[in-house]
Amino acid sequence: MSQPLPDLALRGIEEFNRGRFFECHEYLEDAWREESGRIRYLYQGILQVGVGFYHQQNGNWKGATGLLRSGIARLEEFEPETSGIDVAELRRASERCLAEIESLGREKVSEFDRSLIPMVERVSRR
């Protein structure tokens, strides 16, 4: 599946990579609503992962773990890459973050090392 990403999706990804997860959600939700094809679920997966990190920032362990789990599952069908996005790496890195957040538990969710949050990377063509 390789179609160019629309501007709304690209803006959402830019906001994700800046750690601005609320803004990421806004753009990707709009992209999701405008898209009728299956790729809309890629947008949803990235959105859910971003919202999971948003919840972590706000100390909401249940929201963080639930949304990360949902987003990771949603991304699976788009591996290894879709529309130039390295979905496999995003999913793997998000799984590592989820495991770390789960191990910290509710009481220590705010201690999560935010430097572990992945970027949505483009696939490099050789």
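Structure first, text after, so check above.
Conventions and cut-offs
- Residues numbered from 1 in each chain as written.
- Predicted model: local features only at pLDDT ≥ 70, side-chain atom pairs only at ≥ 80, totals over all residues.
- Heavy atoms only, no water.
- Helix = DSSP H or I, 4+ residues; strand = E, 2+ residues; numbered from the N terminus.
- Expected span 1.5 Å × (residues − 1).
- Buried < 20%, exposed > 50% of the residue type's maximum accessible area, 1.4 Å probe, protein only.
- Arc of directions from axis to C-beta.
- Contact = heavy atoms within 4.5 Å.
- Polar contact = N/O pair within 3.5 Å; in protein donor to acceptor, adjacent residues only side chain to side chain.

Undergrad: What am I meant to see in unusual backbone geometry here?
TA: Trans peptide bonds make up most of the peptide bonds, and negative phi angles are found at most residues other than glycine. The amide bond that connects E79 to the next residue, P80, takes the cis arrangement and shows omega of 0°. Within the secondary structure layout, P80 lies in the loop between α4 (61-75) and β1 (81-82). One non-glycine residue with positive phi stands out, namely S83, at about 50°. As for its position among the elements, S83 is in the loop between β1 and β2 (85-86).

Undergrad: Explain helix α2 (residues 21-34) to me, please; I cannot follow it from the model alone.
TA: Since the α-helix packs 3.6 residues into each turn, any two residues three or four apart lie on the same face. Taking 1.5 Å as the rise per residue, α2 with 14 residues should run 20 Å; its terminal C-alpha atoms sit 20 Å apart, in good agreement. Listing the buried residues of α2 in full gives F21, C24, L28 and A31. All buried residues of α2 lie within an arc of 85° about the axis, which places them on one face of the element. With respect to the buried face of α2, the exposed residues turned more than 90 degrees away are R33 and E34. Buried-residue contacts for α2 involve α1 (7-17) and α3 (40-57).

Undergrad: Just to check I follow, could you spell out α4 for this structure?
TA: With 15 residues, α4 extends 21 Å between its outermost C-alpha atoms, agreeing within 8% with the 21 Å of an ideal straight helix rising 1.5 Å per residue. Those residues of α4 that sit buried are W61, G63, A64, T65, L68, G71, I72 and L75. In this fold, the buried residues of α4 make contact with α3 and α5 (87-108). The N-cap residue of α4 is N60: its side-chain oxygen and the backbone nitrogen of K62 are 3.4 Å apart.

Treat this as a map of the structure, not an account of what it does.
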